[in-house]
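Close look at the chain arrangement
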Amino acid sequence: MFGCNTPDNNVKSSILGTSPLMSQNIEKKVDSLLSLMTLEEKVGQMNQYNGFWDLTGPTPKDGAAAKKYEHLRKGWVGSMLNVRGVKNVRAVQKIAVEESRLGIPLIIGFDVIHGYKTMSPIPLAESASWDMEAIQKSSEIAALEASAAGINWTFAPMIDISRDARWGRVMEGAGEDPFLGAKIAEARVKGFQGEDLSASHTIAACAKHFAGYGFSEAGKDYNTVDIGTSTLNNIVFPPFRAATKSGVRTFMNSFNELNGIPATGNKMLQRDILKGDWQFNGFIVSDWGSIKEMINHGYTKDGSSAAETAVNAGSDMDMESYLYIKNLSSLVKEGKVEEQVIDDAVRRILRVKYELGLFDDPYKYCNYDREKEVIGSKANHEAVLDMAKKSIVLLKNNRKLLPLKKEGQKIALIGALANDKNSPLGSWRIAADDNTAVSVFEAMQQYDKNSLVYAKGADVSLGETGFVTETKINTTDKSEFKEAIDVAKSSDVVVMVLGEIGFQSGEARSRTELGLPGVQQELLEEVYKVNQNIVLVLNNGRPLTITWADKHIPAIVEAWHLGSQSGHAIAQVLYGDYNPSGKLPMSFPRNVGQIPIYYNYKNTGRPVEPNPDIVFWSHYSDQKNTPLYAFGHGLSYTSFTYENVIVNKVNSSSYSPEIKVSVEITNSGDVAGKEVVQLYIRDLFASVTRPVKELKGFEIISLKPGETKTVNFELNSETLGFYDNNGEWLIESGEFEVFVGGSSDNTIKSNFDLE
Ligand code: GLC
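Residues numbered from 1 in each chain as written. Predicted model: local features only at pLDDT ≥ 70, side-chain atom pairs only at ≥ 80, totals over all residues. Heavy atoms only, no water.

**So, the overall build of the protein**
Broken down by element type, the protein carries 20 helices and 25 strands. Over its C-alpha atoms the protein spans a radius of gyration of 26 Å, differing by no more than 12% from the 27 Å that the globule rule assigns to 755 residues. Seen through its C-alpha atoms, the protein measures out along the principal axes to roughly 75 × 65 × 45 Å. Across the 755 residues of the protein, 63% fall into the buried class. Within the protein, contacts between residues separated by at least 24 positions form 79% of all contacts whose residues are at least 6 apart in sequence. Of the charged side chains in the protein, 79 are positive and 95 negative; the average position of the first set lies 2 Å away from that of the second. (Helix = DSSP H or I, 4+ residues; strand = E, 2+ residues; numbered from the N terminus. Rg over C-alpha atoms; globule rule 2.2 N^0.38 Å. Buried < 20%, exposed > 50% of the residue type's maximum accessible area, 1.4 Å probe, protein only. Contact = heavy atoms within 4.5 Å. Lys, Arg positive; Asp, Glu negative; His and termini not counted. Charge placed at Lys NZ, Arg CZ, Asp CG, Glu CD.)

Put into structure tokens, the structure is as follows:
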């Protein structure tokens, strides 16, 4: 069970893995190395290049690659990204360490978002497990494989809270809630960095994108963000505070402007809050080219002023805008940038390199034997399968259509995604080999006491799709409908795997319509006409508006993009070998018009009108206010009843309050199952209005049929307070309600007062 993230303004970043003595030694080493560096070499540490040539091939003679090679040799590169594999990393590290004057090793970064080569579920799916141990383990596996491939820094966890499923990057985050997001941030940082950052199997993590990116207007990627202080402090910041408290060693700023100031040039965000109030002593890397993009934003007039603004605002490393290496030395000489600003940035970068042990052994992540032995191991696949099963959410199961019988059944399996070995890898699979996921079709064939007939029904996408190409969707070709309909007609049950291909969510993949893409909705309705025993399995990277399906289809399973072992996880849930326990980390809207929709909304002055004929209240004339599926929703093959919420006011003063809440949960069904018991509060009156519900605790329990357990929660100053519009943490006396249940929209409640 979790208490809560401590909103400790004077957050001291605990440098994981380094004892006070070790950190003193590191500081001495950093200072002495800094004293040897020329200004150009210092600026070089702040310069990050993307992998740019066949590193083990001939030295490039001209063009950008030649220039980058020359800078490497001069010690003017501090980091590379997207260089992977022991052979390549060893090659580029050799240039930096053996050919430059001071031989400062590179830190090698990569987007290890949900696995390196053995892919775990997309982060939004993992968040649906609410299982922090499993999420931490998943990040450990990712670090194990990435570090075996020469990588020592991941650009993860992405911890942007978002309430807008139109935004493609919701797949990369932890959903809509700051409390769950904070716990997941902590789990991921600990998973990547472990207890000892200098170990060869741990890597530096990166809390991103700081800050507010998930609030991009209209869910359009890279769009403007304009939010108030209360939302920033109470919704956006908690996961970043938690990551800082967990000792994350790097941050990445965000592409967006925040209230008129681009994050990359935002001194309040990066210096006053992160490095000041929170006392973060790692380093901040810009997002790709975001320093230069301040010109497009209309915030700086040219490259030189962009570099000046960014470094003075606290951006320590420049990812791929080339403006630091081009401009910083002259800006210092012109007196526009103090050399101590450069020194502070370089000190931070060198500190993390020392903590990683790179100065002790620059090739410590470059072991050929370990690369062969670790990457793709059976144990790693077992771990991502476990994570995948825990990430599946049972949205609906009328007539107990699920679990499927294991023999004597004629099963039709329909949908291009049922036979797709690529999409489950998600859009951030950049190190995994294409078409390596276990498909649903492959996995269901192993349950061979049923007859299983597959029919595609229709393609989702037209032709090849990739990380940088726009995905073209099939909106016309229904030529294979008939085959699917015929197969469905003669089957006992139909499993339809529908949804989004892997590259329909992720960066730069916002959508304005959130129904089943292409002709899939028509396919579903045509099959429904001939057989209503349909199990709909969703493969998707975001909440979808599946209102027709919710109304007609008896069983619906949310199976996201579950990574390398996707098919096995789905099959084991469909056949009941794993009883689903996932809960939604993000509300599912009924239609796009409801967005942004989230459970922790404010009550407003007109929440409801006593006389239903009067229109003057906060509602739509054409749609309900409630989501299709609520935050925290998820069913099981058994059922759970909640009784006897008891509130014990150990200390009811608003000064260091201590409120204990207990509740009894019984497995009232006939199979064992797991339940995520959720605790919410409502502060009924406060000096800044509070949401109608706020998640403040959760615990996963396992119950046998008929078994009852009591779950205990504690509410205290870390969970009963909030940030006001001046960024002050307040705990106020007054009336509180407390809610406990298996979903934000299905709880039993009690109340208490704080004096
Ligand atoms: C991308 C993303 C960021 C990623 C970086 C490096 O544009 O915004 O999350 O880590 O560039 O690939």
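Structure's up, so let's keep going.
**Side note on the pattern of salt bridges**
What the rule picks out here adds up to 47 salt bridges. One salt bridge connects Glu-442 with Lys-421, and the closest N-O pair in it is separated by 2.9 Å. Separated by 21 residues along the polypeptide, Glu-442 in helix H16 (residues 440-445) and Lys-421 in the loop between strand S12 (410-414) and H16 bring together distant segments of the chain. A relative accessible area of 30% means that Glu-442 is categorised as partly exposed. Classification of Lys-421 as partly exposed rests on a relative accessible area of 25%. (Salt bridge = Lys/Arg side-chain N within 4 Å of Asp/Glu carboxyl O.)

**Re the nonpolar core**
Counting residues in hydrophobic clusters, the biggest one holds 191 residues, and the most contacted among them are Leu-404, Met-444, Val-495, Val-535, Ile-546, Trp-560 and Leu-574. At 8 residues, helix H13 (residues 339-355) tops the list of elements feeding residues into this core. Shared between two domains, this core takes at least three residues from each, and those domains are domain 1 (20-110 + 152-364) and domain 2 (383-594). Apart from residues no more than four positions distant in its own chain, Trp-560 is found in contact with Ile-122, Leu-124, Ala-125, Ala-128, Ser-391, Val-393, Leu-538, Asn-539, Asn-540, Leu-584, Pro-585 and Phe-588. Within the second largest apolar cluster, 21 residues are counted, among which are Ile-701, Val-711, Phe-713 and Val-738. (Core = buried A, V, L, I, M, F, W, Y, C linked by side-chain atoms within 4.5 Å. Domains from an automatic or database assignment.)

**Some remarks on the domain arrangement of the protein**
Split by domain assignment, the protein resolves into domain 1 (20-110 + 152-364), domain 2 (383-594) and domain 3 (640-754). Measuring from the centre of the C-alpha atoms in domain 1 to the corresponding centre in domain 2 gives 37 Å. Counting from both sides, the interface comprises 22 residues of domain 1 and, opposite them, 19 residues of domain 2. In total, domain 1 and domain 2 occlude about 1,600 Å² of area from one another, counting both sides; carbon and sulfur atoms represent 59% of this. Taken as a group, Ala-165, Arg-166 and Met-171 account for 34% of the area that domain 1 buries against domain 2, more than any other trio of residues on that side. (Buried area = accessible area lost by both parts, 1.4 Å probe.)

**Regarding the side chain of Lys-674**
Residue position: Lys-674 is located in strand S19 (residues 673-683). At 4.7 Å, Asp-131 is the nearest oppositely charged side chain to Lys-674, a buried residue that forms no salt bridge. Within the structure, the side chain of Lys-674 is placed 3.1 Å from the side chain of Tyr-578, a separation counted as a polar contact. For Lys-674, the contacting residues outside a window of four places in its chain are Lys-390, Tyr-578, Ser-581, Phe-640, Ile-700, Ile-701 and Ser-702. (Polar contact = N/O pair within 3.5 Å; in protein donor to acceptor, adjacent residues only side chain to side chain.)

**Looking at the confidence of the model for the protein**
In the predicted model, the protein carries a mean pLDDT of 95, and 97% of its residues have values of at least 70. Throughout residues 1-19 the model reports pLDDT below 50, and contacts reaching past four residues in sequence, or to other chains, amount to 68 contacts. (pLDDT = per-residue confidence, 0-100.)

**Notes on the packing of aromatic side chains**
Applying the stated rule across the entire model yields 28 aromatic pairs. For the ring pair Phe-237 and Trp-278, a centre distance of 5.3 Å and an interplane angle of 85° mean the geometry is edge-to-face. Taken as a pair, Phe-237 in helix H8 (residues 229-245) and Trp-278 in the loop between helix H9 (267-277) and strand S9 (283-285) lie far apart in primary sequence, 41 residues in all. Taking the relative accessible area as the measure of exposure, Phe-237 reaches 1% and is therefore buried. Here Trp-278 falls in the buried class, since its relative accessible area comes to 1%. (Phe/Tyr/Trp six-rings, centres within 6.5 Å; stacked < 30°, edge-to-face > 60°.)

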